[in-house]
4 protein chains.
Amino acid sequence: MIDRRRRFEQAEGLSNWRAKANEIIFGADTFAGKLFDILLIVAILISVAVVMADSVPSLDRRYHLLWLWMERGFTILFTIEYIVRLMSVSRPVRYAFSFYGMVDLLSILPTYLSVLIPGVNSFLVLRILRVLRVFRVLRLMHYIGEAEVMTLAIRQSLRKILVFLYAVLTMVVVFGSLMYVVEGSENGFSSIPKAIYWAIVTLTTVGYGDVVPHTPLGQFIASAVMIMGYAIIAVPTGIYAAEISQVMTTRRDARGCPGCGKTGHDVNAHYCKFCGTSLDPLHQE
Amino acid sequence: MIDRRRRFEQAEGLSNWRAKANEIIFGADTFAGKLFDILLIVAILISVAVVMADSVPSLDRRYHLLWLWMERGFTILFTIEYIVRLMSVSRPVRYAFSFYGMVDLLSILPTYLSVLIPGVNSFLVLRILRVLRVFRVLRLMHYIGEAEVMTLAIRQSLRKILVFLYAVLTMVVVFGSLMYVVEGSENGFSSIPKAIYWAIVTLTTVGYGDVVPHTPLGQFIASAVMIMGYAIIAVPTGIYAAEISQVMTTRRDARGCPGCGKTGHDVNAHYCKFCGTSLDPLHQE
Amino acid sequence: MIDRRRRFEQAEGLSNWRAKANEIIFGADTFAGKLFDILLIVAILISVAVVMADSVPSLDRRYHLLWLWMERGFTILFTIEYIVRLMSVSRPVRYAFSFYGMVDLLSILPTYLSVLIPGVNSFLVLRILRVLRVFRVLRLMHYIGEAEVMTLAIRQSLRKILVFLYAVLTMVVVFGSLMYVVEGSENGFSSIPKAIYWAIVTLTTVGYGDVVPHTPLGQFIASAVMIMGYAIIAVPTGIYAAEISQVMTTRRDARGCPGCGKTGHDVNAHYCKFCGTSLDPLHQE
Amino acid sequence: MIDRRRRFEQAEGLSNWRAKANEIIFGADTFAGKLFDILLIVAILISVAVVMADSVPSLDRRYHLLWLWMERGFTILFTIEYIVRLMSVSRPVRYAFSFYGMVDLLSILPTYLSVLIPGVNSFLVLRILRVLRVFRVLRLMHYIGEAEVMTLAIRQSLRKILVFLYAVLTMVVVFGSLMYVVEGSENGFSSIPKAIYWAIVTLTTVGYGDVVPHTPLGQFIASAVMIMGYAIIAVPTGIYAAEISQVMTTRRDARGCPGCGKTGHDVNAHYCKFCGTSLDPLHQE
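The rules we used
Residues numbered from 1 in each chain as written. Chains lettered and ligands numbered in written order. Predicted model: local features only at pLDDT ≥ 70, side-chain atom pairs only at ≥ 80, totals over all residues. Heavy atoms only, no water. Helix = DSSP H or I, 4+ residues; strand = E, 2+ residues; numbered from the N terminus. Contact = heavy atoms within 4.5 Å. Areas by Shrake-Rupley, 256 points an atom, 1.4 Å probe, with all protein chains shown as cover. Phe/Tyr/Trp six-rings, centres within 6.5 Å; stacked < 30°, edge-to-face > 60°. Buried < 20%, exposed > 50% of the residue type's maximum accessible area, 1.4 Å probe, protein only. Lys NZ or Arg CZ within 6 Å of the ring centre and 35° of its normal. Expected span 1.5 Å × (residues − 1). Buried area = accessible area lost by both parts, 1.4 Å probe. Salt bridge = Lys/Arg side-chain N within 4 Å of Asp/Glu carboxyl O. Polar contact = N/O pair within 3.5 Å; in protein donor to acceptor, adjacent residues only side chain to side chain. Nonpolar A, V, L, I, M, F, W, Y, C, P; charged D, E, K, R; others polar. 1 Å grid on protein atoms, 1.4 Å probe; cavity = no way out; pocket = protein on both sides within 12 Å on 5 of 7 lines; lining within 4 Å. Points joined across faces, edges and corners; volume = space filled by probe spheres on them. UniProt positions renumbered as here; feature names shortened; annotations may be inferred. Domains from an automatic or database assignment. Least-squares fit on C-alpha atoms with pLDDT ≥ 70 in both. Axes fitted to C-alpha atoms, helices over the stretch in contact; angles between N-to-C directions. Parallel < 35°, antiparallel > 145°, perpendicular 65-115°, else oblique. Patch = residues over 30% accessible without salt bridge, like charges linked within 9 Å, V, L, I, M, F, W, Y side chains within 5 Å. Left-handed = near helix turned anticlockwise from the far one by under 90°.

Caption draft 1: The arrangement of the overall build of chain A in detail. Of regular secondary structure, chain A possesses 13 helices and zero strands. Restricting to contacts in chain A with at least 6 residues of sequence separation, those with at least 24 account for 51%. Only carbon and sulfur atoms are counted for the fraction: they give 69% of the accessible area of chain A, which is about 13,800 Å².

Here it is as structure tokens:
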């Protein structure tokens, strides 16, 4: 909220059309801003679908030219958008080097390179960069309140999750090495990294079945790893559930009663539930 | 509750037998209504079992005529029920175009079509529509209080779950594309959609094993995706657990305010949060 | 607690040695009772291990006689225990037809039948009944407070879980039938029941990989089922987490303050947290 | 905290350099202590990576000497660290026989043995012990508050988790034996232990697909096991989520009583629940 207002005030300092462009492109409060956001999401999703369709051999052969020209059309569109974005923000350099600025640039670059340098199109890595456009939709989700609550809960539980992940990695290394000794190369556990890959596949309950224990002892250890994975999957869930509960509670905790100073009131509460004083200045008679 | 009473009052405006039929078919308060519901559930479950048995080659050859005539019997039964339903509701058109009305119609239509138009029975899609009958049992579950609490919790956390799902889809697209580049067609990642299918199979910890990474780098990225999936499966669980806790709490503390009659007060509240009236008789000065 | 005291009082009405036997076999308060329980658990676990070892071809050939005589020894032991149990309870018939009474009987019967009727040993089903002994350890876990909390939470959330399971079964039937149409027999979806089996394997994120979608449309639907399974696995977890939280809270909620009547005190609280009155009669000065 | 202070006071009783060494090696409060910890983590992680790389056939052939000398270098480093640790603690014997003391010793021993006794290097089990070094990083995580909260929550819910695991093992034994009878050796269920392995793979939703039901009845039972596993995975999550919520709450409300100094009071408590003193300065009459 504060961030958006600040940005809007900065925009007022800009020339008139730049302020207008800023409002439409970055804002979602006006009709034009909302329309722009919806059109942008549609364009992004179609262009990502084009990149995908382009990779399917049977589709690529038949409609190759269609994908080529659609891609060029979207690239021109997104380039115009990128330039207008750069011009309408008050700090273009900071924008260009931000995460979303980089995504905006990287996802249009490959098409230009393929036109300018003929041979470059064979580099799959470059072409695939266009897929990064999916990230651009995430930017528009910041307006949704739910996303904020979730991001906050994730950020607050990040340290706990990382500690948990290190413990998981330790288990995976120890059990992987153990299975490497027990099963050996003849049963597919050809090296410790491969055995750790197996341990991760098993502990996370993915269970591809490409590497599988064959000896009775190996199957016993594998069973232990599975049950362990089954029991400890609860850990991140517990952390996150507790954290999101707190975030949701904290949200209503914010207002203090002017009468008794106590907090913990619901969002829709008009009167303090402890002393009966009005919480809402509009209702103050 | 309110909905049911309203429906009942509407039914009173109808002719006598239609009111009676409405009470038996749509209600579950009278003995006849409960008996009808139980018989209907049994009939639905048997008829769905017949559709299933009909699809098993070994069973189909031997008992083909049995399935055929049972199916016709059930279809006649459900048709009569459908017509009575249509006649006993006050707004037949609205019912016919509602979700359950469509299900009722679509699940009896295929049998009639197969009798009227001989060749139509070869269209598997049509025949399979009869399976939609399973949805009809869900309608009867609305009477169960537990279902209401769960539906409410799901509805309230729907927006959060959708935001989460979009984030998951973004990850799946990015990691799928990355694996398409790293592993390539020779290892089964023949196109980006196929690679995204792999990413979904992996992130959701399903792990069929039909598409599997073969290069060390691919296995490393796959391990990262698995651990990520393992860590973020906690997110919807956390959301839902927090939401269901709130719904259950809100229900339990259904104290009505003596001043304004509103409910939803906290357990430790002494005063109504809407109008400031004392909730606690001991504190009433 | 109350149940155990009632049983003890009933036991007092019995003859002296029966009361003693009852105390040792059913109770866990005396030293003899605890010792008996531990010895019983050890005997049960070893006898189950013998049944398992008996089924392993390589072990069976070598140590066949050892397993045979160990099994007969355990059967005699468990038979004596069963008879003493029957004699020491006040209502032997009710015990004999209770769940644990049936388990006690069924798990010793096969060995007698194999001795009396020579040919009966070939019936694998009968022999396997001996494995039911594992249930007998569960009986001894009722003394553990943690088990009680968990059983209570499971019992209270049972109805919700059943409603959830029916919804899951509906989804599985609909998606299985859909995949039967889309993929067909040539891709392993040979009948609707088989396709439903696939849907369950997928939705529960087990993912054997024995039945797998091959067409692009099938893989798309499969992806949808997986993500759905991933999102709704949160439902039973949420229900259970909320329920267990409530059970744990209710446990501390039990005591009312003698001064102000308020509840919600911790188990280790000596004074009411609302008015400061002593909660503990031993501390009442 | 208290533990660390006590250790520090003990260290003051030692000679000066030993106290200094103790502070650097065991502490994390001084700059030197922090630097040492970070260098140690880096050294441990690299040395574990060397053990892993050593097991990869393609890498081993090319860089065999590099791994050999890096390993020897790390072993000398860790040996010095181990000796200084032993000398700087006040009770060296107790340290040597503690979990981390054993890990420290066991992870350097194999390299010495391979130099002293030429043939010993062929024993894979011995060489793999060096992987135990990953545990050493866990020791340094005890300084992180998050790890403490998690360990506390795990320790408190351990008994519940164990009760749950026994119930799971009972189910697995019963369903495994059932499937052994239903499917039999010809479908891969060659013995009860193998069938139990299958049941664990299925119930934990790992689903390798190496052992899979082939008969319709077997697939039906398997479906039941899967749905059961899907429904009861909620149990440990619920336990843990409830437990971690309580631990986090207890921590936050660490208000000390002005009368007895004890903490652990609820947020809405006005009086100490241990001695009855008013916690709220506003209520102090």
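On we go from here.
Caption draft 2: Just the packing of aromatic side chains, in detail. Tallied over the entire structure, the rule returns 24 aromatic pairs over all chains. Note on Y63 of chain B and W67 of chain B: the rings are 6.0 Å apart at their centroids and 65° apart in plane angle, and the pair reads as edge-to-face. In this pair, Y63 of chain B and W67 of chain B are both assigned in helix α4 (residues 57–88), four residues apart and thus about one turn of the helix distant. Of the residues examined, W67 of chain B reaches a relative accessible area of 14% and is grouped as buried. Taken together, the ring pairs in this structure connect F99, Y100 and F135 of chain A into an aromatic cluster. The ring of W69 of chain C has R72 of chain C lying over it, and the distance from NZ or CZ to the ring centre is 4.9 Å. Residue placement shows R136 of chain D over the ring face of F78 of chain D; its charged tip is 5.1 Å from the ring centre.

Caption draft 3: Inspection of helix α12 (residues 216–232) of chain D at higher detail. Residue and element names in this part refer to chain D. In a regular helix each residue adds 1.5 Å, so 17 residues correspond to 24 Å; α12 covers 24 Å between its end C-alpha atoms and thus fits that length. Taking burial as the measure, the 17 residues of α12 include 12 buried ones, the bulk of the element. Every buried residue of α12 is accounted for by G218, Q219, I221, A222, S223, V225, M226, I227, G229, Y230, A231 and I232.

Caption draft 4: Examining the interface of chain C and chain A more closely. Chain C puts four residues into the contact, and the matching count from chain A is four residues. At the boundary of chain C with chain A, total buried surface from both sides reaches about 150 Å², with 24% on carbon and sulfur atoms. At the junction of chain C and chain A, the tally comes to zero salt bridges. Linking chain C with chain A are zero residue pairs in polar contact (both at pLDDT 80 or more), by the criterion used here. Tallied by class, the residues present in the side of chain C that touches chain A amount to one nonpolar, three polar and no charged.

Caption draft 5: Examining empty space enclosed by the protein more closely. Scanning the model with the defined rule gives seven cavities of 30 Å³ or more in all. One number sums up the size of the largest cavity: a volume of about 130 Å³. Here the lining of the largest cavity is built from residues that sort into four nonpolar, nine polar and no charged.

Caption draft 6: A look at the UniProt feature "transmembrane region" (unreviewed entry) in chain A. Per the UniProt record, "transmembrane region" (unreviewed entry) is annotated on residues 35–53, 161–182 and 220–242 of chain A. Between the C-alpha atoms that bound residues 35–53 of chain A there is a distance of 27 Å. The span itself is 100% helix and 0% strand.

Caption draft 7: Molecular detail of the domain arrangement of chain A. On domain assignment, one finds that chain A holds domain 1 (4–143) and domain 2 (158–248). A C-alpha centroid distance of 39 Å is found between domain 1 of chain A and domain 2 of chain A.

Caption draft 8: Structural context of the relation of the copies chain C and chain A. The two copies are related by a screw operation: chain C maps onto chain A through 180° of rotation and 0.0 Å of translation along the axis, at an RMSD of 0.2 Å. Taken together, the rotation and translation relating the two chain copies correspond to the operation of a two-fold axis. Mapped onto chain A, 100% of the interface residues of chain C again fall at the interface, so both copies present the same surface.

Caption draft 9: Spotlight on the packing of helix α11 (residues 192–203) of chain C against helix α12 (residues 216–232) of chain C. All names here are of chain C. Running from N to C, α11 and α12 cross one another at 50°; their axes reach a closest spacing of 8 Å. Taken together, the axis directions place α11 and α12 in an arrangement best described as oblique. When α11 is examined against α12, the residues W198, T202 and L203 are found in contact with a partner set consisting of A222, V225, M226, G229 and I232.

Caption draft 10: Structural detail: the environment of K34 of chain C. All names here are of chain C. Mapped onto the elements of the fold, K34 is located in helix α3 (residues 31–55). Exposure remark for K34: the relative accessible area of 46% places this residue in the partly exposed category. Here the alpha-carbon distance between K34 and A19, two residues 15 residues apart in the chain, equals 16 Å. Beyond its immediate stretch of four places on either side in the chain, K34 contacts A28 and D29.

Caption draft 11: Region of interest: a nonpolar patch on the surface. Residue and element names in this part refer to chain A. On the surface, I76, I80, Y112, V115, L116 and I117 cluster together to form a nonpolar patch covering roughly 590 Å² of accessible area. Of all the secondary structure elements, the ones that give two or more residues to the nonpolar patch are α4 (57–88) and α7 (109–116). Structurally, I117 is set in the loop between α7 and α8 (124–128). The exposure class assigned to I117 is partly exposed, which follows from its relative accessible area of 45%.

Caption draft 12: A look at the packing of helix α2 (residues 16–26) of chain B against α4 of chain B. All names here are of chain B. At a minimum axis separation of 9 Å, α2 and α4 run at an interaxial angle of 120°. Considering the angle they form, α2 stands oblique to α4. Regarding α2 and α4, the two cross each other, and that crossing is left-handed. Contacts between α2 and α4 involve W17, R18, A21, N22, I25 and F26 on the former and, on the latter, V84, R85, M87 and S88. Here the contact of α2 with α4 is composed, by residue class, of six nonpolar, two polar and two charged.

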